[in-house]
Each structure stands twice: as structure tokens, then as C-alpha cells.
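Fold and contact review
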Amino acid sequence: QDDSSSNPCLLYLAQSTIPHAGLGMFTGTSLHQGQLIGRVGDIAFPTTDQDWHNSPLSGFASKNEGDYHWPLTNYDWHAKDIGMENEAEDISVTVTGFGAAPNCHFRLLNAEEHQAHYDGAGLDRYTSPGAGAISTWINRTTTAAWDIEEGSELFVDYGPNWFLSRPGVFGLVPLAENYERAQGFLTRYGQMLALSDDLNDLVNDRMILSDEAQADLWSVIKNFPYVTRERQALPDSHKDAIRAIFGDIQTVEVENSIRSMDYLKEHGKCVDNIVPGNSTIPHAGRGAFATRFIPKNGLVAPAPLVHIADKATTNMFGEMIGPNMNVVRNESEILGKQLILNYMFGHPNSTMLLFPYSSNVAFINHHATKYNAKLQWTKDFDFFHHADWLEKPVEFFEDQWTSGLMLEYVALRDIQPGEEILIDYGEEWQQAWDEHMKNWEAIPPEKDFNNLTLWTEKTSSNRGKAGYVRAEVFNSDLKTPIRTVEEQVYDPYPHCVELQCLVSIGHDASYLHAPQTIPLFKRMWLEERDNNADGDLVFHPCNITWRYNKRDLYNDWEEDQDLHEFEYDAELNIRKTFEDVIIHETHVITHIPWKAIRFFNRPYTSDVFLKQAFRHEMGLPDGVWPKAWMNLPRKE
Ligand SMILES: C[S@@+](CC[C@H](N)C(=O)[O-])C[C@H]1O[C@@H](n2cnc3c(N)ncnc32)[C@H](O)[C@@H]1O
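Residues numbered from 1 in each chain as written. Predicted model: local features only at pLDDT ≥ 70, side-chain atom pairs only at ≥ 80, totals over all residues. Heavy atoms only, no water.

**So, the pattern of salt bridges**
Operational definition: Take a side-chain nitrogen of Lys or Arg and a carboxyl oxygen of Asp or Glu: if they are within 4 Å of each other, that pair is a salt bridge. Comment: elements are numbered from the N terminus, with helices defined as DSSP H or I runs of at least four residues and strands as E runs of at least two. When accessible area is computed with a 1.4 Å probe and restricted to protein chains, residues below 20% of their type maximum are described as buried, those above 50% as exposed, and intermediate ones as partly exposed.
Tallied over the full model, the rule gives 23 salt bridges. Here Asp-272 ties to Arg-39 by a salt bridge, and the two come within 2.6 Å at their closest N and O atoms. Taken together, the residues Asp-272 in the loop between β11 (269-270) and β12 (274-278) and Arg-39 in the loop between β2 (23-27) and β3 (42-48) connect sequence positions 233 residues apart. Here Arg-39 falls in the partly exposed class, since its relative accessible area comes to 31%.

Encoded structure:
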């Protein structure tokens, strides 16, 4: 894997340096602060309204309620952190690679993660049967938070809530403040060992206890039965504790979190043998390409797996009015399936699904005859891969909340650098794809009456609003004037975008106590008031009513930082509740700068929600899929 010094393996999966933490991700090269880790960012999958689609039939009042827990929840990120919050009403995001494999260690957060980018891989919804079948959210990059030595384990920030909400599952992982307190404890402990405030007495070995007694005492402290996060933050060995009294816990932890390159080459698995690129297969989107020569039977990539016991949890339902007059799911109407299903392995005789989550394996496409790789169960990595789970019935996995299975993609022949990696997804998949190709109908943009995607309100005509253009396209166009409501009658924006203005809608409390006052507010847009980080900084839907040319308004407009030539007036219709009273207000705001008017993507309009989008899990062959998991009758 690492035979060329000019092309070393950049990333490894290996046993974490944190005891009992399973897998860890390690860098195969040293990194400078700010440097991209690996070759590209990771792919992200939106899972939408998952609580609602799996809610009890009495339903929730809104799609944001409820708390359906499936194994992928442990690997999910907040949509806002990934830049995907406008995809749907309720959305959580699964990210492969750095989004799933590294551990979190609050003293060693050496890897910083960024947002994903929308890119449809050239699959146009009006012309390609592949549109909507792949994730358009890619390249969520990770960079080094500081200079990192080769062989270091990489840690990302899961956020404290992740651990605070899972004490039973993951033990008491120390948070940043626990390390502070543990460091304080160590200072006192050092003073006690020397019976002196001068910690140099420790170095000079003026301690009141023998080495052996010190080690015993430390083991009593560490092994005391009532676990706390502070105690977990203390170094494991007495030797490290003494070092940490002088340096700090972080220095000791950094040293302990480095594995030698020899160890990684021998015991780790390289996750840098493939990168995404445009697939050689029509309508497939992206594919995975070899970054180096991979010999026959060599490892293409390891694939740790999240298991899901019931594939029905990926079903997405239509809506109906429920017993409490709220919108609940209609059990008899499966409208679609979560996109992530296309990236999971399954078997026609089983309800189980497996999601491979290491870097770039999600990009591996299918070819029924030209496949050059296959899947097999990992034979080593006992600290993670539970071979005995292959004998367990499906019910066992319903209560298993952490992953513990690993497949490997292995080369069936020598693979040259730059070759696309292909596997065989199986006959069922091929049949489903052939069927999809036969039935898929191209719908021209003129027939786009906001009716191509699920859960959007159809219109009877497109009024010229046809075509799918992402908000980002409008937002990056500094030149073109934003159209007023009047202009939009003749020249509307597409259905999929909405204009919003950054305006502070708060006002004097005296008004709120006198709602009989005509709730109309008119004023100029003010930087300090409307774009104030201490304020609410919220965008609200707005109607652009007027446009001014800044040349007519100001002599020195070009000195303005905002080089857009225009300013705008807008009307905002706001609904508020105050002490159970609903108040409708109109805010007329004049002279709004371009930067305070943004286009937003409307929920349920992106390719994932296309009604005709292809959905089918990838198949694992009979010889690989465990018999014990075949809980469905065999189809003829
Ligand atoms: C695991 S993903 C592979 C990566 C995907 N191509 C991408 O761009 O993210 C599986 C999906 O890729 C597409 N795909 C894979 N092999 C294909 C093929 N032979 N023909 C058409 N589409 C294919 C299908 O949309 C399938 O559901």
C-alpha cells in the first residue's frame, strides 16, 4: 500500500489509542496547521424527516417533533454545520470518512471540519435518469487544527452534547472543563506527594512515598469504582501523571496518541487508495478511482459498517390528516426512500442493511461484467470486527447501538492508478436499474409545475418559473439587479428559491403591550441594528418593492465595500405571538444593501426529492451475506 515514498498512504484506520474506543483514524504524513487532511472532503447524506416517517401513527404535530432513534443517529451531524439545513423541515446528516470514523478527544481536537458543497455531478433532473439517485453534497473537508506529527491519531469535535446524552453507551468521556479540573487535581496531588508547594521537589525526588507506593496510590485513584469525567481525564499510568504535573495532560495525551509508521503499515488499513471522480458509467454520477497500483487480492479499502436491522426505516410516506387534526404519515402510501439506501448493502431475503462509512467507499459503482473488486469480511481487526455477529439473528442487531462489523473491498486483478473501481451489486440491483431506465421519463423544464419533487405544493402552470437553479447561483451574482415583485410578475424566479432579507424585527416593548396600534413599521435598513451579531441575525421572507441605483443616491458609491450597484426597499409580513396573542406585522424597510438580501433554497426541491429518483440498496452475494440474517422468504 505504501511502496512509493512519493505517494505515501495519507490516512489509515487502526486501533484507537484511546482504550476501548475501537477504530481510530491516523495521518500517514505530517501536516501543517490548516492543511487539507487526505485528498478530498467527504460525501454527506441528508436523511429527512426521519422521526416523522417512523413516528407512531397518532403522529406528531410537526415534522420537527419526536425522537426516532436508529443506529445512524450516533453518526449524524447537525445539518447547519454541514450547510444543508434548507433541504427539508427536519434533516440530519450522515458523513462518511471524517464524519464517521475518527474519535473525539476534547484535549486533542486536531482535525477541524468544514461544510459540504452542493454539486449534482452533471446529472440534470430534466435529462438524466441518474438525477436524485446520488448525493449532491460532497467535499466536506477536514483540515489540521495545528501542526500534526505523522502517525498521530486524528480527533474531531462531536460537541459535548453528543457525550452528555449518551453516558450509558460511551462511558463518561471527559469534556474540556473536566480536563481543566483534572489538571488542578494533579497540581494538588503533586504537592501532596512532596508535602511541599514547590513542585520542583517532585523532580528532585523529594517525595514522601516510595515509587511503588506512589504507583499503588495512583492505581487506587484511577480504579476507584465511581467513575467521573474528571477521573477519566487523568493519565492512565502513574509515570504519565507525574509528567503531566509538570507539563500538562494534553502534552502527555498527544504523545500517547501517536502510533509509529511501522505499526500503521503493518497493523493499519490504508483508506487512501481511492478518490472520487466523474464515473466512466453513464448516469452513475461520481465513481471511485485508484490513487496507486493495487495488486490482485490487495486491499482497495476497508469498510466499517453501521448496521440497520429493519430496512423499512428508510421508507418515506405521504401525508394525511390524523386523529388530532395534525398532519401524520399515511402508512399505505410509500412515496420514496431515504437516499442513503442507495449507499447501503442488503440482501433480498433479509431486512438488514449495512452502511459502509469509511472515506470514499461510497463512490464505488456497479458493473455486472467489468467489476474489478469484491467484498469480503475482514479477517483481523478483532478489536472492532465481531465475527460472531455473523451468526446472530437479526433481532440481536435491534439493540446493538454501536457498529462492530467490517467488510473489505479487495482487488480481483491488478488495478492500475487512475482506474475506476467497480463491484457487482448483484442481479436484483441490475434488474431494478434496468426497470428504472425503461420507465424513466424525461420531463422538459416547461412542464415543471413544481411537480417533479415530493412534498412540494404543485401549481397549475409554471408561470415561467420553470427550471431548477440553486440559490447559490443567484447569491454569487453580484452584478444582476434583484427583481422587484412587479418585475417578477413577468420574469419570475424559479419555484425552488425564495428571497429573504436580513432585518431585525424586534421593537419597543411598549408596542407589544398595545397591539391595537396599527402594526406597520417603516424605517431605513441600519447596519448596527439589522446586521448586528448581538441581535437575532435572522433572515425573513421579503417582497422587494423598489430598487435604487446607488449612483443616483450617493456620489461616492464605488467606495462602498458592497460593489453591487443597487439598494432595495422591501416589505416583510411577520407573524408573532406575544402572551398567546397572534400579531401580524408589516415592516417596510428601505435602502437594504445587496448583502442583506439572499436567495434561499426552498425545502424539498433538491434532486434527492425527485419523484422519479432511483432507490435500491446494493446487493451482497449469498456467499458473503450471513445465512443467520436471512429472515425473509426467498423470492422466486
Ligand atoms: C453507492 S452509490 C455509488 C456512487 C454514486 N455514483 C455517486 O455519485 O455518489 C450507488 C449509486 O450510484 C449509481 N450507480 C452505481 N453504479 C451504476 C451503474 N452501473 N449504472 C448506473 N448508475 C450506477 C446509482 O445511482 C446507485 O444507486
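**Here we look at the sheet that holds strand β29 (residues 597-601)**
Rule in force here: A pair of strands counts as paired when DSSP detects no fewer than two bridges linking them. All axes here are fitted lines through C-alpha atoms, helices being fitted over the stretch that makes contact, and every angle between N-to-C directions spans 0 to 180 degrees.
A sheet is described by the order of its strands in space; here three strands give the open sequence β25-β23-β29, paired in antiparallel fashion. This sheet does not close on itself; its edge strands, each paired only once, are β25 (539-541) and β29. When the angles between neighbouring strand axes are averaged without regard to direction, this sheet yields 45°. Of the pairings in the sheet, the one linking strand β23 (residues 497-502) to β29 comprises five bridges and is antiparallel in character. Bridge pairing in β29 places Glu-498 opposite Phe-600.

**Here we look at the layout of surface pockets**
Let me state the cut-off plainly: Grid points spaced at 1 Å and placed over the protein atoms alone form the basis of the search, with a cavity being a set where a 1.4 Å probe fits but cannot get out and a pocket an open set showing protein on both sides within 12 Å along at least five of seven lines. Lining residues have an atom within 4 Å of a point. Grid points are joined across faces, edges and corners, and a volume is the space filled by probe spheres set on the points. When residues are sorted by character, Ala, Val, Leu, Ile, Met, Phe, Trp, Tyr, Cys and Pro go into the nonpolar class, Asp, Glu, Lys and Arg into the charged class, and all the rest, Gly among them, into the polar class.
Quantified by volume, the second largest pocket comes out at close to 800 Å³. In terms of lining residues, the second largest pocket is bounded by 33 residues, among which His-347, Pro-348, Tyr-425, Glu-428 and Gly-619 are the most central. Elements that contribute at least two residues to the lining of the second largest pocket include exactly β20 (373-377), α13 (427-439) and β30 (618-619). Examining the composition of the lining of the second largest pocket, we find that four residues originate from one element, α13, more than from any other. When grouped by side-chain class, the residues that make up the lining of the second largest pocket number 13 nonpolar, nine polar and 11 charged.

**Focus: unusual backbone geometry**
Phi angles above zero are rare outside glycine, and Asp-49 is one such case at about 50°. On the secondary structure map, Asp-49 appears in the loop between β3 and α1 (50-53). Residue Asp-49 is classed as buried on the basis of its relative accessible area, which comes to 1%.

**Quick look at a nonpolar patch on the surface**
The cut-off we apply is this: The patches reported here contain residues having more than 30% relative accessible area and no salt bridge. Joining distances are 9 Å for like charges and 5 Å for nonpolar side chains (Val, Leu, Ile, Met, Phe, Trp, Tyr). A 1.4 Å probe and the Shrake-Rupley method give the accessible areas. Residues count as covered only by the protein chains that appear here.
A contiguous nonpolar patch, built from Leu-195, Ile-208 and Leu-209 and spanning about 290 Å² of accessible area, is present on the exposed surface. By secondary structure assignment, the location of Ile-208 is in the loop between α6 (200-203) and α7 (211-223).

**Side note on the nonpolar core**
Quick reminder of the rule: Nine residue types can take part in a nonpolar core, namely buried Ala, Val, Leu, Ile, Met, Phe, Trp, Tyr and Cys, and a core is a set of them joined through side-chain atoms within 4.5 Å. Domain delimitation in this document rests on an assignment produced automatically or drawn from a domain database.
Ranked by internal contacts, the top residues of the largest apolar core, which has 127 residues, are Val-300, Leu-354, Tyr-409 and Trp-629. It is strand β14 (residues 299-308) that contributes the most residues to this core, six residues altogether. Each of domain 1 (11-155 + 262-423) and domain 3 (471-604) contributes no fewer than three residues to this core. Residues Cys-104, Tyr-189, Trp-218 and Ile-245 belong to the second largest nonpolar core, which totals 20 residues.

**So, the state of the cysteines**
By definition, a disulfide links the sulfur atoms of two cysteine residues through a covalent bond. The line we're drawing: Any two cysteine sulfur atoms lying within 2.5 Å of each other are counted as a disulfide.
Within the structure shown, the criterion is met by two disulfides. The side chain of Cys-9 participates in a disulfide bridge whose partner is Cys-270; the two sulfur atoms lie 2.2 Å from each other. An S-S torsion of about 105° defines the bridge between Cys-9 and Cys-270 as right-handed. In this pair, Cys-9 is assigned in the segment before β1 (11-15) and Cys-270 in strand β11, connecting sequence segments 261 residues apart. With respect to class, Cys-9 is no different from Cys-270; both count as buried. The disulfide partner of Cys-501 is Cys-542, and the S-S distance across this bridge is 2.0 Å. Measuring the twist about the S-S bond at about 75°, one finds the Cys-501-Cys-542 disulfide to be right-handed. Placement of the pair is Cys-501 in strand β23 and Cys-542 in the loop between β25 and β26 (543-549), with a sequence separation of 41 residues. Take Cys-501 and Cys-542: they sit in the same class, and that class is buried.

**A few points about the domain arrangement of the chain**
We count it as follows: Residues count as neighbours in contact if any of their non-hydrogen atoms are within 4.5 Å of one another. Buried area is understood as the total, over both parts, of accessible area removed when two parts are fitted together, assessed with a 1.4 Å probe. As used in this structure description, the phrase polar contact means that two N or O atoms lie within 3.5 Å; if the pair is within protein, one of them must be able to donate a hydrogen and the other to accept it, and residues adjacent in sequence are counted only when both atoms belong to side chains.
When the domains of the chain are assigned, the result is domain 1 (11-155 + 262-423), domain 2 (170-252) and domain 3 (471-604). A C-alpha centroid distance of 39 Å is found between domain 1 and domain 2. If you look at the interface, domain 1 gives eight residues, while domain 2 gives 10 residues. Both sides together, the interface formed by domain 1 and domain 2 hides about 750 Å², and carbon and sulfur atoms give 60% of it. Interface area lost by domain 1 to domain 2 is led by Phe-106, Arg-107 and Thr-402, which between them contribute 72%. Linking domain 1 to domain 2 there are zero salt bridges. For the interface between domain 1 and domain 2, the tally reads zero residue pairs in polar contact (both at pLDDT 80 or more). Grouping the constituent residues of the side of domain 1 that touches domain 2 by class yields four nonpolar, three polar and one charged.

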